[in-house]
Amino acid sequence: MGVFRMYMGVALSFNQPKFSPTPIWDSNGITFANQSTVGQYPYAIFVNTNNTIYVANRENDVIVMWQEESVNPTNIITGSFITPYSLFVTSNGDIYIDDGEENGRVQKYSAETNNFTTVMNVNSSCYGLFVDVNDTLYCSIRNHHQVVKRSLNDSGMNSNCVAAGTGMQGSASNQLSYPLGIFVDINLDLYVADSDNDRVQLFQSGESNGIIVAGSTSLYLTITLFRPSGVILDAEKYLFIVEFHNHRIVGSSANGFRCLVGCYERGSQSNQLKYPFSFSFDHSGNMFVTDESNYRIQKFFLMKDSFALSFNQPKFCPTTIWNSNAITIANQSIVGRYPRAIFVTANNTVYVANRENKTIIMWHEESVNPTNIITGNFTQTSSLFVTSNGDIYIDDGDQNGQVLKWVAETNISVTVMNVSSECFGMFVDINDTLYCSMEYHHQVVKRSLNDAVMAPNRVAAGTGIEGSASNQLNGPVGIFVDVNLDLYVTDCKNDRVQLFQSGKSNGITVAGYTSLNPTITLVRPSGVILDAEKYLFIVDSDNHRIVGSSANSFRCLVGCYERGSQSNQLKYPFSLIFDRAGNMLVTDEANSRIQKFKYLKKSCSNTSSILQKIYSSSLTNNNQIYYRDCDKRNTYYESIQVKVTESGYYTFRSSGDIDGYGSIYKNKFNPLVPSENLLKTDDDSDRSSVDQFKLDIHLDVGMIYALVVTTYESNETGEFLIVVLGKSKVIFERL
């Protein structure tokens, strides 16, 4: 894992590991340092690229240092600073330390001379400090709702410049509310943990308006934060965030956000945190966290840089379509009557339980006929799950009260869980915990497969008494557990899908008419799967269809033509799963067949959903006027030069006070001949936002484009905002 990097000749002093999409840290941290070493309420920590660890002891007003692998401190630096909240260490060993609370300054400890000097004057504590690749020092002034900066290359101590925030508390894009931790990347883009706004803001270099990259109010749903206090980017620019009031560390990847450590509510156990404030990676990817209210520094070891999911989680675009006419890949002669359980592995091996013959049927990729049949003493199997090593977990609860594991290496079945009825749904999570959904007992139970002995099952969801309260279930069937260990349950007889977040006993209704935000009406849902973007795909059994969610809403995907036995119909489908191409395989139970609905790739544009640019302006009476069309309507307009750094599909989406009308031109825009060089134009096709335009278009690197923003009606004025999504950085210049 190479993390010591050079950019433009500048060596980064901190570690930015490059992780796989699915790294795992040991949920149990070790206490690297306790109160006797770091004092009460430690806030500031820094780990440099040679793994020297720096912690500010606020009780004794000292900086404690450990050289790599040292158990005990190897150096203690004393100074005249008081209760520091943050520190930063540069590549030459100089330490920048907050001393703003009483002395109104930031000090630099010179590693060469062992002396302290004042390098910045501030009017309050710096809750975050950072030195960027250009030797600019940033200070996050919590109580003044602002981030300020000054160049360390200036010969004199000039006034600080504003990096972010107006100095007035607020939630607008140019405002902050009690900002804490900060991070500046090599592009000089500033990330701010905007604590009391429960969000992380990105201020691109030179921009005063921030983009919400994490938090419930972000343009694209990311994660709900509660008083974030620290933020770090890894080598791939994925976010890692300290959630002060949720007592955890969360991180993003290509698969979205998830909880990484501290996922078991607040506390003082080894797997818990209590008001963590900041953290830093060492060069192995291990995490060091200031566990403030437990008066300790916790170290969480990187266990596995990746884990292999055994099933497929494709990434779909919002407009994905499946062929409404399915092909039957297996009928009753192969899978028996009333098939329920199906699984498709990442290498496209298909497994189906034949409940009539008490067998598991297997097809290897692209095989028309079964390639293997596994026999056993299991009966009436309703669910199965296959792990990455090929082991098969089989429901055998109906008569034998057990879950069996068929071991691929030995071809022998062993009991791995005792249950009191059949498992209508089964899942093995990334921590090797086995889940069983017991419809008749209104509960989901689980047990760790890593236990040396078969311990009693633990409750994952439901009280065991049927009901519709948030902690109850009524006939649970299909289940799914994501990489955050959040459990999704098709609460069949309550006509809803419930989400039980890790460690929570109360569920959230994420689909069904009783959800907080109305989604879709379900009738006896029986299966649920998440794709790579955490969108839901649900088997709506008594509606005889499969429905799915996207950024826009829920919609029917297949089986949308009432129940039946035609190729475009289903009859009491029970479960579904994706193959690695994104095709959908469904157990069409009452038709005694397996249906395959082909994914139509052409239904997607290649537009990426990564937010690249936000641009705000306004049309006023001072703007130029042109006649947009033959109606001779004179409209104010603004022309913006657009360049991209990588060829690909991009989306331009407008919002604001005006009825926006947008056009993209190649090379240049000629207001006297508006049709010249025109590539694409749009009025209000963005149905998610009334009276706004949305332009999806392929742009080439090295080419100059012009985006023209005007209005549908004549002489209309007002503010507007342009959001750009796409593959890579987009450069705007007003013409």
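Note on numbering: residues in each chain are counted from 1, in written sequence order. Per-residue local features of the predicted model are confined to residues with pLDDT of at least 70, and side-chain atom pairs are confined, for both listing and counting, to 80 or more; whole-chain, interface and lining totals are unaffected and use all residues. Calculation of side-chain values draws on the structure's entire complement of heavy atoms; hydrogens and water are dropped beforehand.

As annotated in an unreviewed UniProt entry, the chain is NHL repeat containing protein-like protein from Adineta steineri.

Asks: How would you summarise the layout of surface pockets if you had to cite specific residues and measurements?
Replies: The way it works is a 1 Å grid over only the protein atoms, where trapped points that fit a 1.4 Å probe form a cavity and open points with protein on both sides within 12 Å along at least five of seven lines form a pocket, and then any residue with an atom within 4 Å of a point lines it. Grid points are joined across faces, edges and corners, and a volume is the space filled by probe spheres set on the points. Its boundaries defined by the atoms lining it, the second largest pocket holds a volume of some 500 Å³. In this text, helices come from DSSP runs of H or I with a minimum length of four residues, and strands from runs of E with a minimum of two, each type numbered from the N-terminal end. Going through the elements one at a time, β40 (433-438), β41 (443-448) and β42 (458-461) are the ones with two or more residues in the lining of the second largest pocket. Looking at which element gives the most residues to the lining of the second largest pocket, the answer is β42, with four residues.

Asks: Explain the pattern of salt bridges to me, and be specific about the residues and the numbers.
Replies: One side-chain nitrogen of Lys or Arg within 4 Å of one carboxyl oxygen of Asp or Glu is enough to make a salt bridge. In this structure the tally under the stated criterion is 19 salt bridges. In this structure, the salt-bridge partner of R199 is D194, at a minimum N-O distance of 2.7 Å. No difference in accessibility class separates R199 from D194, as the two residues are buried. Here K534 and D482 are joined by a salt bridge, their closest N and O atoms 3.3 Å apart. Placement of K534 in the loop between β47 (525-530) and β48 (536-540) and of D482 in the loop between β43 (476-481) and β44 (487-491) is noted, with a sequence separation of 52 residues between them. Only protein chains enter the accessibility calculation, which uses a 1.4 Å probe; a residue is then buried when its area is under 20% of its type maximum, exposed when over 50%, and partly exposed in between. Of the residues examined, D482 reaches a relative accessible area of 7% and is grouped as buried. Connected through salt bridges with shared partners, the residues D196, D198 and R227 form a single ionic network.

Asks: Explain the nonpolar core to me, using residue names and the numbers behind them.
Replies: Within this scheme, the nonpolar core is defined by two criteria: the residues are buried Ala, Val, Leu, Ile, Met, Phe, Trp, Tyr or Cys, and they are joined through side-chain atoms within 4.5 Å. Counting 79 residues, the largest nonpolar core has W322, I360, V444, L487, I538 and M584 as the members making the most contacts within it. Sequence-distant contacts of W322, that is, excluding residues within four places in its chain, are made with F316, F537, L557, V558, F578, G582, N583, M584, F597, K598, Y599 and L600. Listed in part, the 73 residues of the second largest apolar core include A163, F183, F281 and V289. Every residue pair with non-hydrogen atoms within 4.5 Å of one another is taken to be in contact.

Asks: Break down the domain arrangement of the chain for me, with residues and values.
Replies: Segmenting the chain into domains produces domain 1 (24-304), domain 2 (321-600) and domain 3 (611-734). Each domain's limits were defined by an automated method or a database of domain assignments. A straight line from the C-alpha centre of domain 2 to that of domain 3 covers 46 Å.

Asks: Describe the state of the cysteines, with residues and values.
Replies: Cysteine sulfur atoms that come within 2.5 Å of each other are treated as a disulfide pair. This structure, assessed with the given rule, holds four disulfides. A sulfur-sulfur separation of 2.0 Å characterises the disulfide bridge that pairs C259 with C263. Disulfide C259-C263: the torsion about the S-S bond is -105 degrees, which places it as left-handed. Since its relative accessible area comes to 10%, C259 is described here as buried. Linked covalently through their sulfurs, C423 and C436 form a disulfide whose S-S length is 2.0 Å. Since a negative S-S torsion denotes a left-handed disulfide, the C423-C436 link at about -100 degrees is left-handed. Here C436 lies in strand β40 and C423 lies in the loop between β38 (412-418) and β39 (425-428), a separation of 13 residues in the sequence. Across this residue pair, the class does not change: C423 and C436 are buried. No disulfide involves C161; its sulfur sits 13 Å from the nearest other cysteine sulfur, which is in C139. Note on C161: relative accessible area 43%, which makes it partly exposed.

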